[in-house]
Amino acid sequence: MRDFLREHRWAVVVSVLLHGLLVAGLVLTALNSANRTPLPVQPLPIDAVVVDSQVLHAAQRAQSERADQEAARARAAAEAEAAAAAKAAEEARAAEEAKTAEQAKAAEQAKEAEQVKEAEQAKEAEQAKQAKEAEQANEAEQAKAAAQAKAAEHAKADAARAAAAEQQRLIDAKKAADAKQAADAKQAAEAKQAADAKRAADERARADREAELRKQLADEEHRSAVESGPLRDSYIARLRNKIQSVWIKPPSASVGLDCLVEVTQIPGGEVTGARVTQCNGDAAARQSIENAVYRASPLPDPPDPALFERNFVFRFKPNE
């Protein structure tokens, strides 16, 4: 059907245009008739031709047969075109297959030629290898003979060198014995000198240790004498008085406050720690005493270095 329309497209277009013009003329005529006053109709003389229905049917059949013939021709043309296209495709496929077969045949021939060439090259390589092995065997025989001759010469030279080496060994052994004897004498002298130096060093070290022990004993005796004498008590009393002089009494502190305070200080009197260990007062009293210790820092220097104590404990009784 598409092929028929494509083939008779101009006839169809002209027919559509003619029918469109006819319809437009009929519409315009109808509009004009509706707008005009109808004229009085005069009876017209009847001039009619009677047509037989068989004639009409025959004309319709002829028109239908022509349409069928046109459609058959269009189908035949389409089938012929399709057959031609199929034939062309078949011929192209056959040509492609023939080309592929030709290429495969050419590749097979090239492969066979390559294999023949490789076989020839392998044969030539094997022949060259055999020739090279024969040459190497000949060279090896020649080298073996030369090596044997050279080995004989080396053996003779080695015997001469061995005799000279033995003589030189005897000379070196005598020199080594002499050198060892001299070295032993020198080592003995050095050992005696080192032993003397060690004994002297040990004597000095022992004397230094004895002097240090004597000094430590003297310091301990001095410290014990100072701590057992009145200087320690007076020193701690000075520390206690300074701390109590800066103490700010809290409202909750009662009469008869009695506390033990542990103080940590460093040389120079700076306080690094203050802690109330035992106390009959409340927390506010304890805190006020520890704050007083820090405010009193630095504490007075001791009258004697032996009195210095990094940690000391004193009794805090402000009402005494």
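Read on for a plain summary of the structure. Every chain is numbered on its own, with residues counted from 1 as its sequence reads. Confidence filtering applies because this is a predicted model: local features only for residues at pLDDT of at least 70, side-chain atom pairs given and counted only at 80 or more, and all residues used for totals across whole chains, interfaces and linings. Side-chain metrics rest on all non-hydrogen atoms present in the structure, leaving aside hydrogens and water.

## Side note on the packing of aromatic side chains
- Any pair of Phe, Tyr and Trp rings, taking the six-membered ring for Trp, is counted once the centres come within 6.5 Å. Such a pair is stacked with planes under 30 degrees apart, edge-to-face with planes over 60 apart, and tilted for the rest. Going through the model one piece at a time under the given rule, you end up with one aromatic pair.
- Aromatic side chains Trp247 and Phe316 sit 5.3 Å apart centroid to centroid with 80° between the ring planes, which places their arrangement in the edge-to-face category. Of this pair, Trp247 sits in the loop between helix H4 (230-245) and strand S1 (259-265) while Phe316 sits in strand S3 (residues 311-316); the two residues are 69 residues apart in sequence, bridging distant segments of the chain. Each of the two residues, Trp247 as well as Phe316, counts as buried. Secondary structure follows DSSP: runs of H or I at least 4 residues long count as helices, runs of E at least 2 residues long count as strands, and numbering of each begins at the N terminus. Only protein chains enter the accessibility calculation, which uses a 1.4 Å probe; a residue is then buried when its area is under 20% of its type maximum, exposed when over 50%, and partly exposed in between.

## Some thoughts on the pairing of S3
- Burial along S3 is one-sided: Phe312, Phe314 and Phe316 are buried, and none of Asn311, Val313 and Arg315, which face the opposite way, are.
- Examined bridge by bridge, S1 and S3 share six bridges and lie antiparallel to one another. When the bridges of S3 are listed, Cys259 appears paired with Phe316. The pairing criterion is simple: DSSP has to find at least two bridges between the two strands.

## Examining H4
- Expected helix span is given by 1.5 Å per residue-to-residue step, counting one fewer step than there are residues. Given a rise of 1.5 Å per residue, 16 residues ought to cover 22 Å, and the 22 Å separating the end C-alpha atoms of H4 matches this to within 8%.
- By definition, residues are in contact when any of their heavy atoms lie within 4.5 Å. The elements touched by buried residues of H4 are S1, helix H5 (283-296) and S3.

## Focus on the pairing of S1
- Summarising burial for S1: five of the seven residues are buried, a large majority.
- Of the strand pairs in this sheet, S1 and strand S2 (residues 271-279) are connected by seven bridges, and their pairing is antiparallel. Counted as the bridge partner of Gln265 is Val271 from S2.
- Hairpin connection, S1 to S2: the antiparallel pair is bridged by five residues, and Gly268 has positive phi, about 105°.

## Overview of the pattern of salt bridges
- Definition used for salt bridges: Asp or Glu carboxyl oxygen within 4 Å of a side-chain nitrogen of Lys or Arg. All chains considered together, the criterion is met by twelve salt bridges.
- Across the pair Arg73 and Glu70 runs a salt bridge, and its minimum N-O distance is 2.0 Å. Placement of the pair is Arg73 and Glu70 together in helix H3 (residues 53-228), with a separation of three residues, close to one helical turn.
- Arg199 is the salt-bridge partner of Asp196, the closest N and O atoms lying 2.1 Å from each other. One end of the pair is Asp196 and the other is Arg199, both in helix H3 and three residues apart, which spans about a single turn.
- Residue classification places Arg199 among the partly exposed positions, given a relative accessible area of 49%.

## A short note on the sheet that holds S2
- Taking strand neighbours across the sheet as the criterion, the three strands line up as S2-S1-S3 in an open arrangement whose pairing is antiparallel. The sheet is open, and its two edges are formed by S2 and S3, each paired on a single side. Strand after strand, the sheet turns through a mean of 25° between neighbouring axes, direction not considered.
- Helix axes are fitted only over the stretch in contact, all axes being lines through C-alpha atoms; the angle between N-to-C directions runs from 0 to 180 degrees. The sheet strands contacting H4 are S1 and S3, and the helix crosses S3 at an angle near 60°.
- Running at roughly 150° to S2, H5 makes contact with S1, S2 and S3 of the sheet.

## Digging into H5
- Look at H5: 20 Å from first C-alpha to last across 14 residues, which is about the 20 Å you get at 1.5 Å a residue.
- Turning to H5, its buried residues are Ala285, Ser288, Ile289, Glu290, Ala292, Val293 and Ala296.
- Check the buried side of H5 and you find it contacts H4, S1, S2 and S3.

## Considering the environment of Trp247
- You can call Trp247 buried: its relative accessible area is 15%.
- A C-alpha to C-alpha distance of 8.1 Å links Trp247 and Val293, two positions 46 residues apart in sequence.
- Residues contacting Trp247, with those up to four places away along its chain left out, are Ala253, Leu257, Ser288, Ile289, Ala292, Arg295, Phe316 and Pro318.

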